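Chain by chain, the residues:
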Amino acid sequence: MGFRCGIVGLPNVGKSTLFNALTETAAAQAANYPFCTIEPNVGRVAVPDPRLQDIARIAKSAQILETQLEFVDIAGLVRGASKGEGLGNQFLGNIREVDAIVHVLRCFEGGDVTHVEGRVDPVADAETVETELMLADLDSLEKRVPNLVKKAQQGDKEARIQASVLGQALELLRDSKPARLTQPKDEEEKEALDRAQLLTAKPVLYVCNVDEGDAASGNAHSARVFEKAAAEGAGAVVISAAIEAEIATMEPADRPEFLGDLGLEETGLSQVIRAGYDLLHLITFFTAGPKETRAWTVEKGSKAPQAAGVIHTDIERGFIRAETIAYADYIKFAGEAGARDAGKLRSEGKDYVVQDGDIMLFRFNV
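Worth saying up front: this structure is predicted, and the values here are computed from it rather than measured.

## Some points on the environment of Val 210
Working step 1: Residue placement: Val 210 occurs in the loop between β6 (204-209) and α7 (220-232).
Working step 2: Discounting chain neighbours no more than four positions away, the residues touching Val 210 are Cys 107, Phe 108, Ala 215, Asn 219, Ser 222, Val 238, Ile 239 and Ser 240.

## Looking at the layout of surface pockets
Working step 1: Roughly 1,000 Å³ of internal volume is contained in the largest pocket.
Working step 2: Considering the residues around the largest pocket, the lining is formed by 28 residues, among which Lys 190, Asp 194, Ala 201, Pro 203 and Leu 280 are closest to the centre.
Working step 3: For the lining of the largest pocket, the secondary structure elements donating two or more residues are α6 (187-196) and α10 (268-280).
Working step 4: Per-element tally for the lining of the largest pocket: the top contributor is α6, with four residues.
Working step 5: Class assignment for the residues of the lining of the largest pocket results in 14 nonpolar, five polar and nine charged.

## Considerations on the packing of helix α4 (residues 122-153) against helix α5 (residues 157-174)
Working step 1: Orientation of α4 relative to α5, taken along the N-to-C sense of each, is 145°, at an axis distance of 8 Å. Seen from above, α4 lies across α5 with left-handed handedness. Of the residues in α5, those in contact with Met 134, Asp 137, Leu 138, Leu 141, Glu 142, Arg 144, Val 145, Leu 148, Val 149, Lys 151 and Ala 152 of α4 are Ala 159, Arg 160, Gln 162, Ala 163, Leu 166, Gly 167, Ala 169, Leu 170, Leu 173 and Arg 174.
Working step 2: For the contact of α4 with α5, the residue count by class is 13 nonpolar, two polar and six charged.

## Some remarks on the environment of Ser 270
Working step 1: The residue Ser 270 is located in helix α10 in this model.
Working step 2: Since its relative accessible area comes to 19%, Ser 270 is described here as buried.
Working step 3: Taking the C-alpha atoms as reference points, Ser 270 and Val 47, separated by 223 residues in sequence, lie 7.8 Å from one another.

## Describing the pattern of salt bridges
Working step 1: Per the counting criterion, the structure on display carries 20 salt bridges.
Working step 2: In this structure, Arg 180 engages Glu 130 in a salt bridge whose closest nitrogen and oxygen atoms are separated by 2.9 Å. With Arg 180 in the loop between α5 and α6 and Glu 130 in helix α4, this pair connects stretches of sequence that are 50 residues apart.
Working step 3: Between Arg 174 and Glu 171 there is a salt bridge, and its shortest N-O distance comes to 3.0 Å. Here Arg 174 and its partner Glu 171 are both found in helix α5, three residues apart, which amounts to about one turn of the helix.
Working step 4: Look at Arg 174 and you get partly exposed, because its relative accessible area is 47%.
Working step 5: Relative accessible area serves as the criterion here: at 46%, Glu 171 is assigned to the partly exposed category.
Working step 6: A network of salt bridges, in which partner residues are shared, links Glu 130, Arg 180, Lys 228 and Glu 232.

The rules behind the values
- Residues numbered from 1 in each chain as written.
- Predicted model: local features only at pLDDT ≥ 70, side-chain atom pairs only at ≥ 80, totals over all residues.
- Heavy atoms only, no water.
- Helix = DSSP H or I, 4+ residues; strand = E, 2+ residues; numbered from the N terminus.
- Contact = heavy atoms within 4.5 Å.
- 1 Å grid on protein atoms, 1.4 Å probe; cavity = no way out; pocket = protein on both sides within 12 Å on 5 of 7 lines; lining within 4 Å.
- Points joined across faces, edges and corners; volume = space filled by probe spheres on them.
- Nonpolar A, V, L, I, M, F, W, Y, C, P; charged D, E, K, R; others polar.
- Axes fitted to C-alpha atoms, helices over the stretch in contact; angles between N-to-C directions.
- Left-handed = near helix turned anticlockwise from the far one by under 90°.
- Buried < 20%, exposed > 50% of the residue type's maximum accessible area, 1.4 Å probe, protein only.
- Salt bridge = Lys/Arg side-chain N within 4 Å of Asp/Glu carboxyl O.

Structural data, given as structure tokens:
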């Protein structure tokens, strides 16, 4: 399991350039005019994790398999998208299908790229897109909530749960606030909110696309975006899509020196992945052996059987126990045998909550 992120923003802010760099493909046409991406392009990328190499070396694995993320390059939104402008209904539908929104914002001046609204103001751009998403959610809930309230009054338990949490979301939207500020009172309300697939309930990561010279420290435009993100509990990173596009064409061995010359410690992809993991509360666990070392992704708080189910549903169904070693112990004691001898290999049952970096072997019977 990875996660599915939709890359959104106004036209000509660098969405497709970033997508091409992230997926190291030319699947999305990057051009200096709106709607160069009409159908959403989907790319899967490996999640870089240095722990994989360490584990594989100790386990003498023949193969390394990273966990993956999925990015969807969604065509540029414009004012009026909530009413269908600029193929808005199709684009909003594409956004509804993703788990998180990666909102690319233009934070660079000049250049040959024409801004669709003739100015550079990333905060205003963010508000333009979010307004369209809020209007779409508002239109949806104003039709749904009254019917749910009526059913709830007639004794429908499910309708009562939905009316409570979606009614709260509706009030937020009427107050020009996103639905992600809704606070479900229990797990049932949380599930009802998730099922509603509200556009503004999705977590947001702002990606500030800057010139090459600002990639290391950002600029005044990106600073304003970070302030906005902090105020609303969203994530934010600074990258240069132009640099990412160049890195994507390089041999892996040449990338560290190139990044170092620019004052960068890691690629924009690594930043987006780490921020995305934090945003969606994801963690990584590993399986290791002579055949392969592999990374797997689960939500923080997942229990051992759920982690087993990520590998195969039969393992979850027949789960007996999980033999577990913390990453630090696996490295310190040079693998499974050493960890067992040191008393660091634990036999965990169905209630064990998986920790980031766990190396796990599942025992099961079907």
